[in-house]
Amino acid sequence: MLGIWTKLVALAMLAFAVAMPLKAEELTATSPDGRIVLTVSDGGGHAAYSISHDGNEAIRSSRLGMLFNDHHGFEDSLAIAGSTTASHDATWEQPWGERRMVRDHHKELAVTFAAQEGPARQITVRFRVFDTGVGFRYELNEQAAFQGPIAITDELTQFAIGADADTWWTPSRQFNRYEYIYRKGLAGTVDDAHTPVTFRRQNGVHISIHEAALVDFSAMSLLAARPGDFEAQLRAGSDGVKVHTTAPFKSPWRTIQIASDAVGLINSDIILNLNEPNKLGDVSWVEPGKYVGVWWEMHIRDRTWGNDGIHGANNTDVIRHIDFAAEHGFKGVLVEGWNIGWDGDWFNNGALFSFTETYDDFDLPMLSEYAAERGVRLIGHHETSGNVANYEAQMADGFALYQENGIREVKTGYVADAGDIVRYDENGVKQYEWHDSQFMVGHHLRVVEEAAKHRISINAHEPVKDTGLRRTYPNWMTREGARGMEFNAWGTPPNPPEHISILAYTRMLSGPMDFTPGIFDLRPNEKPPLRPDMQRGGADNRPQTTLAKQLALYVVLYSPLQMAADLPENYEARMDAFQFIKDVEADWEESVAVSGEVGEYVAIARKGRAGGEWFLGAVTDEEERELSIPLSFLDEGKSYTAQVYRDGTHAHWDHNPYDIVIEEIEITGGDDMTALLASSGGIAVRFIAK
Ligand code: NOJ
Ligand code: CA
């Protein structure tokens, strides 16, 4: 076999290489615990990889490669020209997060493939193998064959799963962005899926495919190359090119989380570990916490964003929310509809939004001061309706205004059909882009960086998907990027009972979500309309959960900015249950997914950073279940008082959602706790050490 150096020298001497048969080479790397084995090969001139877990096949041999517009690509006649290995074991601290300390323990294998035909050129694929999966990215160095601008036309990465794997997925390239009800079916029936997408193979291996550190690239979806075998589909820009770049460049990491059980997918930090460390320096101004807001009332049509007689963002109502927040210990009050531009058809009038002019009945300085005196602050809102050109022209001024008024968190919004983001190109021509295009990937970082200058944190709705950039930009705190609570107000249909027990194993693997939990009036659709033109949602438009499940969401769905989404009066009517929302934290020392099955149920425990207390949340789908939850996260043998909020024996999401039992029981760390979950029910527990 040719030595690596001999090969490199031979290649360097060939400006134009000719086909030369090389012996196929195969390299392997294993995870630190030895359970995951990665194999990389160049058989038949193709770059390929495969992965096994505990000897079971996870990913069958799958292609690697990339094609360009004006440059020779990497598709065939490739040979391994060299490789390096490394291992890494270090622990780093998150300023806020689902755990404080994160261990990055992996083995690295970087493989350089050289083309054997056409101009001499090389591409390196860097693999990192963790105990919980594999990440890899392409690295194209500066070289003679890649001068000037590069246009990527296709990434050839494949993920050969097999047609018979169970799959939980949402469709890509559809008008409603990431906001689809999850589909469950065999992998062979999936055509084009957003990531993260979750598979359970017949051999029991659980897999989630996604990407990490999506920077200056377009997002990847999984396109069926053959039934059950997927190919990376990069979102094209308005000019048809998928990615514009120059050498050197690095692609985002393609991530393959692997576990023998469902919760193993949740208990993984691969996505964060594959992102760069904090680039912002001191981020002590980024502060997790809970908030309330002038929000749900618009979605259930009690109020409007625009100024038409029942304008939500009016001084009186905002003061009522500030008082409520101050009384019950919430840090923030979100106010939507405060700025000019909402009147009329705001969905289609993004160019009319002002991010500095308020409606007359909303006095920003007065309200900010009123809030500050009570230890509360307003949370800002920038809805763009997808007109990013209008927003980019104003956002610095918008953030400056908010900063002057003590605002430290801003919710952004991009309500527009997928593919309808407005920008103007260098010739002043209007162009339409996708929410997950290279342009939008860049836009979100421009927003986050501008916001950081004003010490403001971002919660993006209708965003690009999360790829762990909160590690690098800790002020990018949370986002939407899936169907949230709002769909229960007006979605046709609303979120089904199984929604959360799928979300926990799919969307939530990518990072925090501003789902906006905590609806207490579970039948808002039955209130008579306030005005004939303010018709509420349909007969199904209510959260299809029990009350206890609403509480459990605070632990199950991680978000460092966590909303108590219902109206103050609905909480005032149920102060006993509301106590859990007051007690639960939004920032965690540690998190453990304890048990569950994708699409059926999930139990997650988290230890609060401020109080050091453990909380537990478990939810089920339509099936009622008796769970035996191991309390192994608590100190073994130690006694605790558990404040339990659970479904009553007759609870049922459809006909008896309010049946809740709130009780204190004594438990011992290490024991199992039995929990009865009603149909679409849940349990929420706070553990107080004795
Ligand atoms: C959609 C967001 O998800 C929602 O939270 C917001 O209230 C509306 N857009 C208006 O901006
Ligand atoms: Ca939305």
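Cut-offs used in this document
- Residues numbered from 1 in each chain as written.
- Chains lettered and ligands numbered in written order.
- Predicted model: local features only at pLDDT ≥ 70, side-chain atom pairs only at ≥ 80, totals over all residues.
- Heavy atoms only, no water.
- Domains from an automatic or database assignment.
- Buried area = accessible area lost by both parts, 1.4 Å probe.
- Salt bridge = Lys/Arg side-chain N within 4 Å of Asp/Glu carboxyl O.
- Polar contact = N/O pair within 3.5 Å; in protein donor to acceptor, adjacent residues only side chain to side chain.
- Helix = DSSP H or I, 4+ residues; strand = E, 2+ residues; numbered from the N terminus.
- Nonpolar A, V, L, I, M, F, W, Y, C, P; charged D, E, K, R; others polar.
- Axes fitted to C-alpha atoms, helices over the stretch in contact; angles between N-to-C directions.
- Parallel < 35°, antiparallel > 145°, perpendicular 65-115°, else oblique.
- Contact = heavy atoms within 4.5 Å.
- Buried < 20%, exposed > 50% of the residue type's maximum accessible area, 1.4 Å probe, protein only.
- Pairing = 2+ DSSP bridges.
- Phe/Tyr/Trp six-rings, centres within 6.5 Å; stacked < 30°, edge-to-face > 60°.
- Donors = N, O, S within 2.8 Å, 3.2 Å for Na, K, Ca; no water.
- Tetrahedral: all angles 85-135°; square planar, octahedral: opposite > 155°, others 65-115°.

1. Regarding the domain arrangement of the protein chain
Next up, step 1: Its domain assignment divides the protein chain into domain 1 (26-273), domain 2 (276-481) and domain 3 (499-510 + 545-690).
Next up, step 2: Once you take the C-alpha centre of each, domain 1 and domain 2 turn out to be 33 Å apart.
Next up, step 3: Across the domain 1/domain 2 interface, buried area totals approximately 2800 Å², and carbon plus sulfur atoms make up 56% of it.
Next up, step 4: Taken as a group, Trp96, Arg177 and Tyr178 account for 29% of the area that domain 1 buries against domain 2, more than any other trio of residues on that side.
Next up, step 5: Inspection of the region where domain 1 meets domain 2 yields three salt bridges.
Next up, step 6: With a closest N to O distance of 2.8 Å, Lys465 and Glu211 form a salt bridge.
Next up, step 7: At the boundary of domain 1 and domain 2, one finds 19 residue pairs in polar contact (both at pLDDT 80 or more).
Next up, step 8: Of all the elements in the fold, those that place two or more residues in the side of domain 1 that touches domain 2 are β18 (206-212), β21 (243-245) and α3 (270-273).
Next up, step 9: Taken together, the residues of the side of domain 1 that touches domain 2 sort by class into 16 nonpolar, 10 polar and eight charged.

2. Thoughts on the packing of helix α11 (residues 547-556) against helix α13 (residues 575-583)
Pairs of packed helices are described in terms of their axes, by the angle between the two and the distance that separates them.
Next up, step 1: Put simply, α11 and α13 touch, their axes get as near as 9 Å, and they point 10 degrees apart. Relative to α13, the element α11 lies roughly parallel. Facing α11, whose interface residues are Leu547, Leu551, Tyr554 and Val555, α13 presents Ala577, Phe580 and Ile581.
Next up, step 2: In the contact of α11 with α13, the residues fall into seven nonpolar, no polar and no charged.

3. A short note on the pairing of β18
Next up, step 1: For β18, the tally of buried residues reaches seven of seven residues, placing the bulk of the element in the interior.
Next up, step 2: Here strand β17 (residues 197-200) runs beside β18; their pairing, made up of four bridges, is antiparallel. Along β18, the bridge assignment pairs Val197 with Ile209.
Next up, step 3: Connecting the antiparallel pair β17 and β18 is a turn made up of five residues, with Gly204 showing a positive phi of about 90 degrees.
Next up, step 4: Two strands pair when backbone bridges link them, and β18 and strand β23 (residues 253-259) are joined in this way by seven bridges, in the antiparallel orientation. By the bridge assignment for β23, Ile207 is matched with Ile258.

4. Focus: the packing of aromatic side chains
Next up, step 1: Enumeration over the complete set of coordinates arrives at 32 aromatic pairs.
Next up, step 2: Here Phe175 and Tyr180 contribute two aromatic rings whose centre-to-centre distance is 6.4 Å and whose plane-to-plane angle is 85 degrees, an arrangement assigned as edge-to-face.
Next up, step 3: Between the aromatic rings of Phe353 and Phe355, the centroid separation amounts to 6.3 Å while the plane-to-plane angle is 35 degrees, which identifies the pairing as tilted.
Next up, step 4: What makes Phe355 buried here is its relative accessible area of 1%.

5. Remarks on the coordination of the calcium ion (ligand 2)
For a metal with four donors in a tetrahedral arrangement, the ideal angle between donors is 109.5 degrees, while six donors in an octahedron ideally sit at 90 or 180 degrees.
Next up, step 1: Within the protein, the atoms that donate to the calcium ion (ligand 2) are Glu179 (OE), Glu462 (OE), Glu480 (OE), Glu480 (OE) and Glu486 (OE), at distances of 2.3 to 3.1 Å.
Next up, step 2: Classification of the site at the calcium ion (ligand 2) as irregular follows from its six donor atoms and the range of 51 to 164 degrees in their angles at the metal.
Next up, step 3: Given a relative accessible area of 9%, Glu486 falls into the buried group.

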